[in-house]
Amino acid sequence: MKPHPISRLIHDFFSTLPPALLPPLNAVTDQGLLPAGGKVCVQKSGNAELLHPLEAAFYGAAYAKSRVHFSEITSLRLNNVLVSGDQGYVFLPDGSWLNVCASLWSQNPRKVRRPIRWLAGKAGGALIHLTGINHENRAHFAVDHLQRYFSARQVLARLPARILVAPGHRRWQAGYLKLLGVAESCLVEGTPGTLRVEELLLVPLLGGNTQFGDPASFQAMAAEMQRYIEQAGWQVPPAETAARPTALWISRRDAPDRHLDNEEALVLAARKILGDVEVIRLSDLSLEDQIRRLSRCWCVIGAQGQGMHLPMLARGKLVVILEQAHLNLDPGWDVVFRDMAELAGNRAVRLFSGVGPRVHDQHWLYPEDKFTTDLRHLLSVLEAHAAP
C-alpha cells in the first residue's frame, strides 16, 4: 500500500473535481517577483566539450566529441510555503503556484497536486526540496535530484539539516544520499497530500541541452560517491577481481517496459565472446550488493534504462549500452548514460540494434548476429587502442 492512504484518497478526489469547482491555478513564473534576499546562484551558465575516445575509435571522428551547454541556476529560500503531492509542488502563502523551475514538475494542469490547507501537516523547521518529476526512477534521481543537492552544498554556506524526499521512496534514496555523507535520519518523507514548511530551500533542475548541468559538477559528485564506497570497504579486493574477470549484465526483466526480448540469447552470445557474464536485476539486490558486483567486473553491459546509471559509482570499467534503432547523434538518454559513465572515469560505447525506429515504452530486439559482430568488433578496437 502507498503511504498516507487517507490523505492520498482525499487529495485524489479533490483533483478530479471539474476545473470550475477548483481554486484558480495562478502560477508565478518570474523569479523577479520573489524576494531577492533568498536567491543564490548554484550553477553559472557555460559550455563544455566532452570527449568520447571509444566511440571515436568505433564509429569515427563524427562521434569523437560533443558540446554541452547549461544555464545559470539560482536556488531559492522560501518561507511559510505549502508543499503538495509526491512531486512536491510548491505554493506560496498567497496561494499561487511557484512555477519558476518548470521542468521540475509535471506541467499538466490536471496533474498539479493542489494543496488543501485544512489537511496540511507540519514539517517544522527548514527543509531542502529533493523530489519532483521522475523521483521514482533511480537514474533520474541520481542525475536530476542528487545533483540539485550537491550543487547547493558546494555553494551555500548554510544548508537546512533535513531533506524532503518523496513519500514511499525514502529507504532506497537514503542509500544514494549516504554516499554523499547524508544520514537517513536527516530525510523527511513527504506526503501525497499537503505539507506546511516554515523554510524551504528549492534548487531547480540543472540540465541544459543534456540531462545534467555542468559536467564538472557531476564529475565531482561521482568522485565523492566513489571515495565513500572505497572508504566503506564495499569493493571486492582487486586480487579477487583479477583472478576471475567477470562481465556484468544489467537486466531489465524487472522493469515494466522496454524489455530486450531476446536478452537470454544475447547473454549466451556474450559468454561465447567475453567468458564469464553475470546477469543481475537491480531490484533483487541492495545498493551495497550492486556496488560489490560492479566492483568485481571489468565490463558492464545492458539495454538503455535506469539500471545503466550504476557505472557512475565505479571507474576503470568498460560500459556497453545497448540501444534501439540506428546510429545517431540525438541527445537521448543513451547519450546521458554514456556521458555519466565517462565522467565517472570509465570507457563507454553505445551499440545500436539497427532495426526499426526507436519506440518508447515498448519491448524490442537486438539481432543476435549483429550483436555478435558488434561485440567482436568492439574487442578488436579495444585491442588496437590498448595502451602500450
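Fair warning: this is a prediction, and the values are worked out from it, not measured in the lab.

The rules behind each value
- Residues numbered from 1 in each chain as written.
- Predicted model: local features only at pLDDT ≥ 70, side-chain atom pairs only at ≥ 80, totals over all residues.
- Heavy atoms only, no water.
- Helix = DSSP H or I, 4+ residues; strand = E, 2+ residues; numbered from the N terminus.
- Polar contact = N/O pair within 3.5 Å; in protein donor to acceptor, adjacent residues only side chain to side chain.
- Contact = heavy atoms within 4.5 Å.
- 1 Å grid on protein atoms, 1.4 Å probe; cavity = no way out; pocket = protein on both sides within 12 Å on 5 of 7 lines; lining within 4 Å.
- Points joined across faces, edges and corners; volume = space filled by probe spheres on them.
- Nonpolar A, V, L, I, M, F, W, Y, C, P; charged D, E, K, R; others polar.
- Axes fitted to C-alpha atoms, helices over the stretch in contact; angles between N-to-C directions.
- Parallel < 35°, antiparallel > 145°, perpendicular 65-115°, else oblique.
- Buried < 20%, exposed > 50% of the residue type's maximum accessible area, 1.4 Å probe, protein only.
- Arc of directions from axis to C-beta.
- Pairing = 2+ DSSP bridges.
- Salt bridge = Lys/Arg side-chain N within 4 Å of Asp/Glu carboxyl O.
- pLDDT = per-residue confidence, 0-100.

The next subject is the side chain of H145. Tracing the backbone through its elements, the reader meets H145 in helix α3 (residues 138-155). Within polar-contact distance, the side chain of H145 engages the side chain of R148 at 2.9 Å. Ignoring sequence-local partners within four residues, the contact set of H145 consists of L104, L130, T131, G132, I133, N134, H135, H140 and L205.

Over the atoms rolls a probe the size of a water molecule, and in doing so it shows where empty space is left. In total, this model carries two cavities of 30 Å³ or more according to the counting rule given. Of the pockets and cavities examined, the largest cavity occupies roughly 60 Å³. The residue makeup of the lining of the largest cavity, split by class, is six nonpolar, five polar and one charged. Of the pockets and cavities examined, the second largest cavity occupies roughly 30 Å³. Around the second largest cavity, the lining residues are V143, D144, Q147, L205, L206, G207, Q211, F212 and G213. Its residues placed into classes, the lining of the second largest cavity shows four nonpolar, four polar and one charged.

Quick look at the packing of α3 against helix α5 (residues 215-232) now. At a minimum axis distance of 10 Å, the contact between α3 and α5 shows a crossing angle of 90°. It follows that α3 is roughly perpendicular to α5 by the angle criterion. Between α3 and α5, the contacting residues are A142, L146, Q147, F150 and R153 on the first element and S217, F218, A220, M221, E224 and M225 on the second. In the contact of α3 with α5, the residues fall into seven nonpolar, two polar and two charged.

Here the largest pocket defines a volume of roughly 770 Å³. What lines the largest pocket is a set of 34 residues, among which N137, R252, R258, G305 and Q306 lie closest to the centre. Within the residue set of the lining of the largest pocket, elements represented by two or more residues are α3, β16 (318-323) and α9 (333-343). At three residues, the largest contribution of residues to the lining of the largest pocket is made by α3. Each residue belonging to the lining of the largest pocket can be placed in one class, and the counts come to 12 nonpolar, 13 polar and nine charged. Approximately 340 Å³ is the volume found for the second largest pocket. The wall of the second largest pocket is formed by 14 residues, among which W172, G175, S286, L287 and E288 lie closest to the centre. Taken together, the elements giving at least two residues each to the lining of the second largest pocket come down to α4 (170-178) and α8 (287-295). If you tally residues by element for the lining of the second largest pocket, the top one is α4, at five residues. When its residues are assigned to classes, the lining of the second largest pocket shows six nonpolar, four polar and four charged.

Phi is positive for N80, which is not a glycine, with a value near 55°. Relative to the elements of secondary structure, N80 occurs in strand β5 (residues 73-84). Notably, A325 is not glycine yet its phi reads approximately 65°, a positive angle. Along the chain, A325 turns up in the loop between β16 and α9.

Attention now goes to α8. Of the positions making up α8, those classed as buried are L287, Q290, I291, L294 and S295. Projected onto a plane normal to the axis of α8, the buried residues spread over an arc of 130° and lie on a single side.

Quick look at the pairing of strand β12 (residues 194-202) now. Among the nine residues of β12, seven are classified as buried, and the element is accordingly described as predominantly covered. As paired strands, β5 and β12 are joined by eight bridges and run antiparallel to one another. Paired with R77 across the two strands is L201, which belongs to β12. Examined bridge by bridge, strand β8 (residues 121-122) and β12 share two bridges and lie parallel to one another. Paired with G121 across the bridge in β12 is L195. Bridge analysis of strand β9 (residues 126-129) against β12 gives three bridges, and the strand direction is parallel. From the neighbouring strand, A126 faces β12, where its bridge partner is E199.

The subject of this paragraph is the pattern of salt bridges. Oppositely charged side chains can pair when the atoms bearing their charge come close. Counted under the stated rule, the structure contains 19 salt bridges. Among the salt bridges present, the one from E278 reaches R296, with a minimum N-O distance of 3.4 Å. Separated by 18 residues along the polypeptide, E278 in strand β14 (residues 277-280) and R296 in the loop between α8 and β15 (297-303) bring together distant segments of the chain. Taking the relative accessible area as the measure of exposure, E278 reaches 15% and is therefore buried. Among the charged side chains, a network of salt bridges with common partners joins E55, E323, D334, R338, D339, R350 and R358.

Below, the discussion takes up the confidence of the model for the protein chain. Should pLDDT be low for a region, the predicted coordinates there are not to be read in detail. Mean pLDDT over the protein chain works out to 91, with 98% of the residues at or above the 70 mark. Ranking the helices and strands of the protein chain by mean pLDDT puts strand β17 (residues 347-352) first, with 98, and helix α6 (residues 238-243) last, with 66.

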